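Coordinate analysis (summary)
This is what each chain is made of:
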There are 2 protein chains.
Amino acid sequence: MRYEDLADEPCSITRPLVVLGDRWTLVLLKHCFSGVRRFNAFRTAMGISRSRLQDRLDRLVEHGILVRQRPEDSTYDEYRLTDKGLAVYPILMAIRDWGDAYMAPDGPPVRYRHRDCTGEAHVTLACDACGDTMTARDVTPELGPGLEGKLGQD
Amino acid sequence: MRYEDLADEPCSITRPLVVLGDRWTLVLLKHCFSGVRRFNAFRTAMGISRSRLQDRLDRLVEHGILVRQRPEDSTYDEYRLTDKGLAVYPILMAIRDWGDAYMAPDGPPVRYRHRDCTGEAHVTLACDACGDTMTARDVTPELGPGLEGKLGQD
DNA sequence: GGATCCGGTCTCGAATCGGAACCACTTGGT
DNA sequence: ACCAAGTGGTTCCGATTCGAGACCGGATCC
């Protein structure tokens, strides 16, 4: 089975991973959030090869995560985050929280601060009903609407 | 530059991505959270090839995300999540929230419910000082302790 | 015009991947 | 004891992907 076939799985974890979960893609998006927009800017920021960068950019544009557009004051295109792309931010912040906790022996290299505030941004998993913070052990998976309709079919 | 060299970057996003951010790895961890522990169980659940699965398992064990251990009542080893591995859960839930929002046209295939509660688990990015919910636009990166010591050195 | 920057394509050797064959060990049946 | 089946793992091979560099067309600047 090829990795791309995971996109057919009725699972909201594997489906995004087919797009985002390979080498460079999330690194590329991380740089988008730091304001990188141009082809060569990505290249120097990431150290990725030209052809690979092109692959990734094309795929992200194809999936509506980036848009490629020409600013009025420039002769060159820019790759910018769409709303769908901006919504990836919590994923990166969840990765960062984990990285700060387990892969930053000297402490966090970068603080992600709340603008005009003393606090920092952190990701929490919580229940949307009672508001309690949750861990993996507090979660029970259950059939959702995206699967119910498909059960009696075959 | 090779992808693995990103591990040298002083960045708590890229460093985890060198371990987690390639094909299959996060998919594998997802199955760990659904109770999959044995080699062939991963294989049938994921459709991954034997050699690739071995690579990934070895790497996760090497990084202390999984432990390989023999239960008393069995003749075969199991791969189980460590605390470091359990802490990956918010990353997967952040991916799922995004997948439910943008890649689940028929609605969420699976609900991740709070045990003994009516609510569902969701990831939020919030300020740890004022408690406000945040988006990418509310965040300002700032020098952290993991970098401060290294600045005047070279 | 020539030099330079920019984004992008193409090519080629190296690394990675998927699938199958193969192996050692354990279990169950006869 | 024997054979069959299952389990975890390694090794091999052809196919895909990757990284690095060459190349190319267009815009800019001198």
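For the structure, see preceding data.
Quick look at the structure, then. Just so it is clear, the model here is predicted, and its values are computed rather than measured.

About the thresholds
Residues numbered from 1 in each chain as written. Chains lettered and ligands numbered in written order. Predicted model: local features only at pLDDT ≥ 70, side-chain atom pairs only at ≥ 80, totals over all residues. Heavy atoms only, no water. Near = heavy atom within 4 Å. Polar contact = N/O pair within 3.5 Å; in protein donor to acceptor, adjacent residues only side chain to side chain. Helix = DSSP H or I, 4+ residues; strand = E, 2+ residues; numbered from the N terminus. Phe/Tyr/Trp six-rings, centres within 6.5 Å; stacked < 30°, edge-to-face > 60°. Buried < 20%, exposed > 50% of the residue type's maximum accessible area, 1.4 Å probe, protein only.

A word on the protein's contact with DNA strand D
Neighbouring DNA strand D are 20 residues; R56 of chain A together with M1, R38, R50 and R68 of chain B lie closest to it. Backbone atoms, meaning sugar and phosphate, make up 70% of the atoms of DNA strand D lying within 4 Å of the protein. Take R38 of chain B: an N or O atom from its side chain is 2.6 Å from a phosphate oxygen of DNA strand D. Interatomic distance of 3.2 Å between a side-chain N/O atom of Y79 of chain B and a phosphate oxygen of DNA strand D. Elements supplying a minimum of two residues to the surface near DNA strand D: α4 (50–62) of chain A together with α3 (39–46) and α4 (50–62) of chain B. Element by element, the count of residues in the surface near DNA strand D is highest for α4 of chain A, at 4 residues.

Things to note about the packing of aromatic side chains
Residues and elements named next belong to chain B. Inspection of every chain in the model, using the stated rule, returns 6 aromatic pairs over all chains. For the pair F33 and Y89, a centre-to-centre distance of 4.7 Å together with 50° between the ring planes defines the contact as tilted. Here the residue F33 occupies a position in helix α2 (residues 25–33), and Y89 occupies one in helix α6 (residues 89–102), the gap between them amounting to 56 residues. Assessed through its relative accessible area of 6%, Y89 is described here as buried.

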